[in-house]
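# Analysis of the macromolecular model
Chain residues, written in single-letter form:
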Amino acid sequence: MSFELHVWGPALGRDSIDAECLAAIAAFRRIFPPSIGLWLQATIPLSAQIVSFKGSLLIVSAFPRLIIIIIITDTLPALFHSGSWTSGYTNIISYLEWNATSCAERLSDNDLTPQQDADLLAYSSYLSTRGSGLIALSLYASPNAWVELTRPAYSALLPFPLTWTIPTTIRAAAIEKAESLGMGYIAAEAEADEAAAQGTAETTSTGFLRLREQLGPRKSMQPEQAAAIRFQQLADDFFTTLDELRGTEKYLLRTSTPSSLDFLAYGYLELMQVQTPFPILARSLVANGRPCAQFLQAMRAQSQDYVLPWKEPAPRRLPRTMLAFADGAIESIAGAGESWRRWRRGGIEKEEGRQAQSLTPALVSVGSVVVGLAAAGAALILRGIPSFGAATHRFEAPKEEKGLHRFGEIGAMLDVLPIFDQPPTPSSSI
Amino acid sequence: MARLGVVDEKQVGTGNCYSIPSFTMSHTTEATRARPRSQESSGWFTIPAPLAQLFKKFPLLTYPPNELPCRSPGLRDTPTLYVFISDEDALKDLPSFNPSCLKWQTFLKLAGVDFRVRPSNNHASPTGALPFLLPPYTPSDSKSQRPVPSNKLEQYALNNGKAELPKSLGTKLDAYESLLDHGIRNAWLYTLYLSPANLGLLTQLYIAPTTSSPPVRATILYQLRHAAESEILKSTSRDAIIPTYLYHEAREAFRALNTVLADEEWFFGSRTPGLFDATVFSYTHLILHDELPWGNRRMNDILSEFPRLVNHRNRIFQRCWLAST
């Protein structure tokens, strides 16, 4: 039975646009010699395929040291083997350790000392939190990089209407990660700038001429430049941490063969080297002959050994794409999107593995009441709106004025008085 | 009326204040008599004599001033740390029940800062999150009572502490910190906020002290759970919360911490405990604390597998809370 690795497709000159996918590809190149049947499939997240995976959990084998857990969620990279799915880089490596004999031989993960094992766990966690935070900053939160690089890359990877929903969801998640580094304001500033750029009215709301804004150094800088010092500091700290772990050895845990941590670090470093419009991360990586850059070169040279068989995803049928699009569109509705996502993707599981008693029925009833009210309100408003093409202003011919109304307001006041017909003047009788 | 004002000022100037009302009264009655029509309108603004007599009887009784509540800042010569804690525990200077508050409370104690704890809540904090510290008041410096938020507490402790703290422990610390901030914190959030078995404990700690109104309590419970859920989802980058997975991650994280502590007294071979020890303690102490009525004891069971961490927690508790009493 062949292994199928599902990853995000190639972009930005790399094998994949996602760091963990890059790591998984590199690890697979190491683990599987070219003769083994292996398919690599460029794909988009399973959630977009409307495969109804509820988060379910399967304990494969209880081993004294480690319980291998296979989790089916819609995260990439995902491995398909023997009819079951595994997702996430760490879970895939754990799965392979027990299901692919070559894994144990070619990775050093099973021969580590307890201290190295602890380091492997701690640094994997560090990479997937701090490392992914830095990538989120440089490729997603940074407005210039998003507009010029990342968004076009996703547009090339995804079929048409999905380019409207999936990239924005990914970016929103990335901005949250940047916020955990205390730098979420990079993205927020850009939005404020856009709003200011649109309001080019020459007068203020009170009718006075708007004075030209004084552009101080802070105002004239791009958001990335304003955040550069702190960003640079975070990047330097990150690379120094990795350098000190590796010392002068070839691999991070100072082993003779690479461990899963080396490939994970490679995946993150590869994306950090992307030349963005403000390449703070890339510049910090190559500055001063940093050992990290040499490590990246060495890992890259190793992983170019052979080309993995690559399968393009089958063309998707329109209805499924549209369903995925509708799903993404509903998710992005303010207020309702989150409840929808919880309902569709599972929310919180009970500890025994069963679905927790959820608020689904209550949510559905509340939701239907809200939708019903909204529909009724919309219908009322629609009935109030003049039909399309109807005149918006109506001018009526002034009524013919009679009696004392001819004399304007004073006439109207005197209108209560009885009107006597004018007696014929003597001149007219002549 | 202008003349009246002048006379009033003179009266006030002589310090004969109590006579102002009666003088004003007699003056106006005279004025109404002397100038019949033109000045009569001023009569509308004066108080009739019987009413004035009645008003003079008030206040009938003056209560003594209320005493300040015990949690209000009393002594201003000691720094005060505002944390999540019950009133009784604050008076006894016991540990807070919130991990991030306990972390800084422990660290300040380890650093030898002399301070008091006071109960508070997030709404009181200038940053929107506890803890924060109010430095002692010095009359010469108007900025002396500017609150110190939690991200500046480390520097504050270094400047004001008497005890020796470990110097830089290397970059390994950053990596292991991410285990605490993600693996262990996620399992903690799930256990306390989302696990149905711990509803009683959650109510006792965070909801009951705020209000007794059932609808408000339900709202606060929903908000707390929602916040915890979104924190976990953000940290795990997944769409669903799977408790078995969270506990698995927490166990692995504890295993790694247990290994890196080895047989040393403090983390990373330091001679004295530091901020990292305080952070580990903030979770291990609360998980192992017997007085908290945990309904779901899963974290307790997991942590009990690692005796080095349990001993580490006991050492810190001994040093910070038992040694002083």
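Residues numbered from 1 in each chain as written. Chains lettered and ligands numbered in written order. Predicted model: local features only at pLDDT ≥ 70, side-chain atom pairs only at ≥ 80, totals over all residues.

By the naming in an unreviewed UniProt entry, chain B goes by Mitochondrial outer membrane protein and is assigned to Xylaria bambusicola.

Listed in UniProt under the heading Subcellular location (unreviewed entry), the comment for chain A reads: "Mitochondrion outer membrane". (UniProt positions renumbered as here; feature names shortened; annotations may be inferred.)

Check the secondary structure of chain A and you find 18 helices and seven strands. Per-residue burial over chain A gives 34% buried out of 430 residues. Pairs at least 24 apart in sequence give 66% of the contacts found in chain A among residues at least 6 apart. (Helix = DSSP H or I, 4+ residues; strand = E, 2+ residues; numbered from the N terminus. Buried ≥ 20, exposed ≤ 12 C-beta atoms within 10 Å, placed from the backbone. Contact = placed C-beta atoms within 7 Å.)

This part takes up unusual backbone geometry. Cis rather than trans, the peptide bond between Phe 58 of chain B and Pro 59 of chain B has omega equal to -5°. Here Pro 59 of chain B is to be found in the loop between α3 (49-56) and β1 (80-83). Despite not being glycine, Arg 254 of chain A shows a phi value in the positive range, around 60°. Among the structural elements, Arg 254 of chain A can be located in the loop between α10 (228-246) and α11 (260-272). In the Ramachandran plot, Phe 268 of chain B falls in the positive-phi region, its phi being about 60° despite a non-glycine side chain. Here Phe 268 of chain B shows up in the loop between α10 (243-261) and α11 (275-288). Judged by the 17 C-beta atoms lying within 10 Å of it, Phe 268 of chain B is partly exposed.

A separate point is the environment of Phe 238 of chain A. All names here are of chain A. You can see Phe 238 is positioned in helix α10. Separated by 38 residues in the primary sequence, Phe 238 and Thr 276 place their C-alpha atoms 18 Å from one another. In contact with Phe 238, not counting residues within four places along its chain, are Arg 130, Gly 131 and Leu 134.

Okay, the nonpolar core next. Membership of the largest hydrophobic core comes to 148 residues, with the highest contact counts inside it found for Ala 23 and Ala 24 of chain A together with Leu 257 of chain B. Top contributing element to this core by residue count: helix α4 (residues 114-141) of chain A, with 14 residues. For Leu 257 of chain B, the residues in contact, after removing those within four places along its chain, are Tyr 176, Leu 179, Val 280 and Leu 309 of chain B. (Core = buried A, V, L, I, M, F, W, Y, C linked by C-beta atoms within 7 Å.)

Turning our attention to the packing of α4 of chain A against helix α7 (residues 172-194) of chain B. Here α4 of chain A crosses α7 of chain B at 75°, and the two axes come no closer than 8 Å. When the axes of α4 of chain A and α7 of chain B are compared, the pair comes out roughly perpendicular. Facing Leu 121, Ala 122, Tyr 123, Ser 125, Tyr 126, Thr 129 and Arg 130 of chain A of α4 of chain A, the residues of α7 of chain B in contact are Asp 174, Ala 175, Tyr 176, Ser 178, Leu 179, His 182 and Gly 183 of chain B. Counted by class, the contact of α4 of chain A with α7 of chain B contains seven nonpolar, five polar and two charged residues. (Axes fitted to C-alpha atoms, helices over the stretch in contact; angles between N-to-C directions. Parallel < 35°, antiparallel > 145°, perpendicular 65-115°, else oblique. Nonpolar A, V, L, I, M, F, W, Y, C, P; charged D, E, K, R; others polar.)

Let's shift gears to the domain arrangement of chain B. Residues and elements named next belong to chain B. Taken domain by domain, chain B holds domain 1 (80-137 + 146-160) and domain 2 (172-322). On a C-alpha basis, the centres of domain 1 and domain 2 stand 19 Å from each other. In this assembly, 10 residues from domain 1 lie in contact with 15 residues from domain 2. Broken down by element, the side of domain 1 that touches domain 2 gets its largest block of residues, seven residues, from helix α5 (residues 99-110). Its residues placed into classes, the side of domain 1 that touches domain 2 shows six nonpolar, one polar and three charged. (Domains from an automatic or database assignment.)

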